Amino acid sequence: METKIVVLAEHDGKVSREISLELLGLARRINEGGEVKALLLGNGIESVAEELASRGAAEVIYVEGEAVENYNVDAYRKSIEPILNDETPDLVLIGHTPNGWDVAAPLAARLGVPLVTGCAQVTMSEGRALLTRKAFNGKFVHQVEVTGARPLMATVDKGASAPFEGKSSGTVRKIESPLSIEELRASYIETRTGESGGLDLREADVIVSAGRGVGGPDKLGVVRELAEALGGQLGASRAVTDAGWLPHEHQIGSSGVSVSPKLYVACGISGAIQHVVGMKGSGYIVAINKDPDAPIFGVAHVGVVGDLFEIAPALTKALREAKGK
Ligand code: FAD
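Numbering of residues begins from 1 in every chain and follows the order in which that chain's sequence is written. For a predicted model such as this one, the threshold for reporting local features is a pLDDT of at least 70, and the threshold for listing and counting side-chain atom pairs is 80 or more; totals across whole chains, interfaces and linings nevertheless cover every residue. As a rule here, side-chain values come from all non-hydrogen atoms in the structure, and water together with hydrogens is ignored.

> Describe the sheet that holds strand β1 (residues 4-8), and please don't skip the residues or the numbers.
Sheet strands line up and pair through hydrogen bonds in the backbone, either parallel or antiparallel. Reading across from one edge, β7-β6-β5-β8-β4-β1-β2-β3-β9 is the order of the 9 strands in this open sheet, with mixed pairing throughout. On the outer flanks of this sheet lie β7 (140-146) and β9 (171-176), each paired with one strand and no other. Direction aside, the axes of adjacent strands within the sheet are offset by 30 degrees on average. The sheet contacts of helix α2 (residues 46-54) involve β2 (35-42), β3 (59-64) and β9, and relative to β3 the element is tilted by about 165 degrees. Note on contacts: a residue pair qualifies if any of its non-hydrogen atoms lie within 4.5 Å across the two residues. Interaxial angle, 0 to 180 degrees, is taken between N-to-C directions of lines fitted to C-alpha atoms, where a helix line uses only the stretch in contact. By the criteria applied, helices consist of DSSP H or I runs no shorter than four residues and strands consist of E runs no shorter than two, each listed in order from the N terminus. Its contacts with the sheet place helix α4 (residues 98-111) against β1, β4 (91-95), β5 (115-125) and β8 (152-156), and it is angled at close to 170 degrees to β8. Here, a strand pair is defined by DSSP locating no fewer than two bridges between the strands.

Following this line, the structure appears as structure tokens:
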């Protein structure tokens, strides 16, 4: 049975965000041969629409206008609702991102349809939808079967699905937003970057993280240098951000960000569940810890039992030599 799927795509004004490509990949797998459309909102985003049409969407519907130039829950909800009413999809996939979960709830409420949030897996077979979501910091998983009103809406975790790797030659369709900024109940004021200059670890391919084992803010250099040598970003455990050694934007875990880089290196991090839940989706995990019983070794692909002040600089040196620096 063919399923109609609409993906709500996100972008940074110039290119689509990784989550959009992951959702297209997921939609294409659920719906082999079936219809997958992407929905995009912004201003001056034709090139993003074309990108998505070549990355898995059979059709990209993009809404343009000043009212949707910056994310605004009111404008997004009012713009998306009539399109979903026209398209009558079976499934709407949205990123489990701050904007995604913000708009998903009022949209589902207005449409009177079910919404399952924070999904790690979504499957559909013979019209039967099965969704998996994590609970209690990943200690349990829920399996949810949803029947009834359509479309079913789901927000999906970043990194839960591989992006669509093939090429597509979809079409793009522009809709001028009929909304004016004046009629919106919330208005966009400005975007401010945080202390870390706009660091977004969720987008990083490589993360090297520091834990309490580093011993103090003046000793972070060895971890920072390893991150630089690997072309990656600097992450941290909560022990490090709580102590003020690094700003909160660096914190990974249940009260920080969840990340899924290709490579994650944990230096002097014990592996408490609240940290692990935020990084266990990483492609390849290397842990350096002097305690052989540290729980982090339970999720690591490679574990190095040793002093990070010996191991990290040795790795940095070897990487620099390999790169000829
Ligand atoms: P520790 O647990 O103290 O571990 C330090 C490690 O460094 C040890 O394993 C030690 O063997 C090793 N070490 C020491 N010296 C060296 C050396 N020279 N070389 C190599 N290894 C060395 N934590 C998070 O990280 N993220 C969160 O989002 C988060 N949210 C939380 C939310 C709640 C509600 C609660 C209750 C807790 C949360 N925590 C979170 C805290 C979490 O429980 C741990 O306390 C924290 O992750 C510990 O950080 P750590 O591993 O850096 O420090």
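From this point, things continue past the structure.
> Tell me about the side chain of E10, and name the residues and values.
Of note, E10 is situated in the loop between β1 and α1 (18-30). Classification of residues uses two cut-offs on accessible area relative to the type maximum, computed with a 1.4 Å probe and protein chains only: under 20% is buried, over 50% is exposed, and between them is partly exposed. All tallies of charge rest on Lys and Arg as positive and Asp and Glu as negative; His and the ends of each chain are not included. Any Lys or Arg side-chain nitrogen found within 4 Å of a carboxyl oxygen on Asp or Glu counts as a salt bridge. Buried charge E10 goes without a salt bridge, the closest partner of opposite sign being R17 at 4.2 Å.

> How would you explain the pattern of salt bridges if you had to name every residue and give the values?
Should their charged atoms come close, side chains of opposite charge can pair. Evaluation of the coordinates by the stated rule reveals 15 salt bridges. A salt bridge links D74 to K78; its shortest N-O distance comes to 3.5 Å. Of the two residues, D74 and K78 both sit in helix α3 (residues 73-87), 4 residues apart, roughly one turn of that helix. Connected through salt bridges with shared partners, the residues K37, E59, E87 and R173 form a single ionic network.

> Tell me about the packing of aromatic side chains, and please be specific about residues and values.
Stacked, tilted and edge-to-face are the three classes applied to pairs of Phe, Tyr and Trp rings, where Trp contributes its six-membered ring and a pair requires centres within 6.5 Å; stacked means planes under 30 degrees apart, edge-to-face means over 60, and tilted covers the rest. Per the counting criterion, the structure on display carries 1 aromatic pair. Between Y71 and Y76, the ring centres sit 4.8 Å apart and the planes meet at 70 degrees, which makes this aromatic pair edge-to-face. The class for Y76 is buried, based on a relative accessible area of 11%.

> Tell me what's going on with the site of the ligand, and back it up with residues and numbers.
For this purpose, a residue is taken to be near a molecule or strand whenever a single non-hydrogen atom of the residue falls within 4 Å of it. The ligand sits among 25 residues. The nearest are R212, S237, S255, S270 and N289. Contacts described as polar in this section are N or O atom pairs within 3.5 Å, which, within protein, must combine one atom able to donate a hydrogen with one able to accept it, while residues neighboring in sequence count only if both atoms come from side chains. For the ligand, a nitrogen atom lies 2.8 Å from a polar atom in the backbone of I252. Taking N289, its side chain carries an N or O atom lying 2.7 Å from an oxygen atom of the ligand. To be clear on the numbers: accessible area is Shrake-Rupley with a 1.4 Å probe, and residue cover counts the displayed protein chains and nothing else. For the ligand, the accessible surface in isolation is 990 Å², of which the surrounding protein chains cover 73%. The method works on a 1 Å grid over the protein atoms by themselves. A cavity is a set of points holding a 1.4 Å probe that cannot get out, a pocket is an open set with protein on both sides within 12 Å along at least five of seven lines, and residues with an atom within 4 Å of a point line them. Assignment to a cavity or pocket requires that more than half of a molecule's atoms be within 2 Å of the site's grid points. Taking a 2 Å distance to the grid points as the criterion, the majority of the atoms of the ligand fall inside the second largest pocket. For the shell around the ligand, the elements supplying multiple residues, two or more each, are α6 (238-242), α7 (273-276) and α8 (308-322). Classification convention: Asp, Glu, Lys, Arg as charged; Ala, Val, Leu, Ile, Met, Phe, Trp, Tyr, Cys, Pro as nonpolar; all other residues, Gly among them, as polar. Tallied by class, residues from the shell around the ligand come to 6 nonpolar, 14 polar and 5 charged.

> A description of the packing of α3 against α4 should follow, citing residues and the corresponding values.
Two elements in contact, α3 and α4, have axes separated by 9 Å at closest approach and are oriented at 45 degrees. Put simply, α3 runs oblique to α4. As for the relative orientation of α3 and α4, their crossing is right-handed in sense. Contacts from V73, Y76, R77, I80, E81, L84 and N85 in α3 reach D102, V103, P106, L107, R110 and L111 in α4. For classification, angles of less than 35 degrees are called roughly parallel, those exceeding 145 degrees roughly antiparallel, those between 65 and 115 degrees roughly perpendicular, and all remaining angles oblique. Throughout, a crossing is termed right-handed when the near helix is turned clockwise from the far one, and left-handed when it is turned anticlockwise from it by less than a right angle.

> I'd like a rundown of the pairing of β3, residues and numbers included.
The element β3 is largely enclosed, with a buried count of 6 among its 6 residues. Across the two faces of β3 the burial is the same, with E59, I61 and V63 and V60, Y62 and E64 all buried. By the bridge criterion, 6 bridges tie β2 to β3 in an arrangement that is parallel. Paired with L41 across the bridge in β3 is V63. Viewed along the sheet, the connection from β2 through α2 into β3 turns out right-handed. The crossover handedness rule: strands pointing away from the viewer, path from first strand over the helix to second strand clockwise, crossover right-handed.

> Talk me through unusual backbone geometry; I want residue IDs and the actual numbers.
At the junction of R150 and P151, the peptide bond is cis and its omega measures out at 5 degrees in the coordinates. Looking at the secondary structure, you find P151 in the loop between β7 and β8. Unlike most non-glycine residues, T88 shows phi in positive territory, near 45 degrees. For T88, a relative accessible area of 48% gives the class partly exposed.

This is a description of form; function is not addressed.
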